[in-house]
Each structure stands twice: as C-alpha cells, then as structure tokens.
Amino acid sequence: MPVTVNIPTPLRKLTENQAEVAIEAGTVDELVANLENTYNGIKEKLVDDDGEIRRYVNIYVNDEDIRFLDGGATQLQDGDDISIVPAIAGGC
C-alpha cells in the first residue's frame, strides 16, 4: 500500500532532491526500511542504533505524532500522508 512521504529539506539530498516520495509500507518501521532500500543512507538519519526513531526526529501520520500512536508499529493505510519533521533548536 503506497503512502506519500514528505521529505524535509535537510534529507532531500538522499532522495534525489524530491520533496515527496511514494513508498509501500504497512507500518512506520516498514516505511523506514523501505525508504532505506530505495534511498541508501536515510535510515541512519531517522533511527538510532537500537532501531528507535531518533528523539530529534518527529514523524507524523496524517498530522498525528507517532509517539502518541504506536511508534514504529503504527499501522499505515493506502494514501496516508507521512511527514518527517526534524526538531529545530535555537532561540534566545
């Protein structure tokens, strides 16, 4: 089932400068694995050595933060809109 993944600007160099990609996946974990199969090197930017989503990376499924759903086990549906949002630090 294909989902649409919105790629943030810092990761676009890994997706051939594409802002959106379509990936087949049934869960968020499967999505990350399939992204890596298609765009080598992206997984290390998204998950830590334990396979958990990095704390400074936010992933949303249809505007819902996966941390408030089932994390990597969050189920995906055909046509879901996935957003990868890296945390931004700074300020006064």
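Scroll up to find the structure.
## Observations concerning the side chain of Glu36
Tracing the backbone shows Glu36 in helix H1 (residues 28-38). Summary of buried charges: Glu36 has no salt-bridge partner, and the nearest side chain of opposite charge, Lys43, is 7.1 Å away. Of the polar contacts made by the side chain of Glu36, one reaches the backbone nitrogen of Ile42; its length is 3.1 Å. Setting aside anything within four residues of it in sequence, one finds Glu36 in contact with Gly41, Ile42 and Lys43.

## Structural notes on the environment of Ala73
Take Ala73: it is sitting in the loop between strand E4 (64-65) and strand E5 (81-86). Given a relative accessible area of 43%, Ala73 falls into the partly exposed group. Residues Ala73 and Val28, 45 residues apart in the sequence, show an inter-C-alpha distance of 6.0 Å. If we skip the residues at most four places from it in the chain, Ala73 touches Thr27 and Asp29.

## Topic: the pairing of strand E3 (residues 57-61)
With 4 of 5 residues buried, E3 is to be regarded as a mostly interior element. Bridge count for E3 against E5 is 5 bridges, and the pairing is antiparallel. Looking across to E5, one finds that Val61 is bridged to Ile82. In this structure, E3 lies alongside E4, joined through 2 bridges in antiparallel fashion. Within E4, the position partnered with Val61 by the bridge is Glu64. Linking two consecutive strands that pair antiparallel, namely E3 and E4, is a turn of 2 residues; a positive phi of about 50° is found at Asn62 within it.

## With respect to H1
Those residues of H1 lying buried are Val28, Leu31, Val32, Leu35 and Glu36. The buried side chains of H1 occupy one side of the element, clustering within an arc of 135° when seen end-on. Buried residues along H1 sit in contact with strand E1 (2-6), strand E2 (20-24), helix H2 (43-46), E3 and E5.

Procedures and definitions
Residues numbered from 1 in each chain as written. Predicted model: local features only at pLDDT ≥ 70, side-chain atom pairs only at ≥ 80, totals over all residues. Heavy atoms only, no water. Helix = DSSP H or I, 4+ residues; strand = E, 2+ residues; numbered from the N terminus. Buried < 20%, exposed > 50% of the residue type's maximum accessible area, 1.4 Å probe, protein only. Lys, Arg positive; Asp, Glu negative; His and termini not counted. Salt bridge = Lys/Arg side-chain N within 4 Å of Asp/Glu carboxyl O. Polar contact = N/O pair within 3.5 Å; in protein donor to acceptor, adjacent residues only side chain to side chain. Contact = heavy atoms within 4.5 Å. Pairing = 2+ DSSP bridges. Arc of directions from axis to C-beta.

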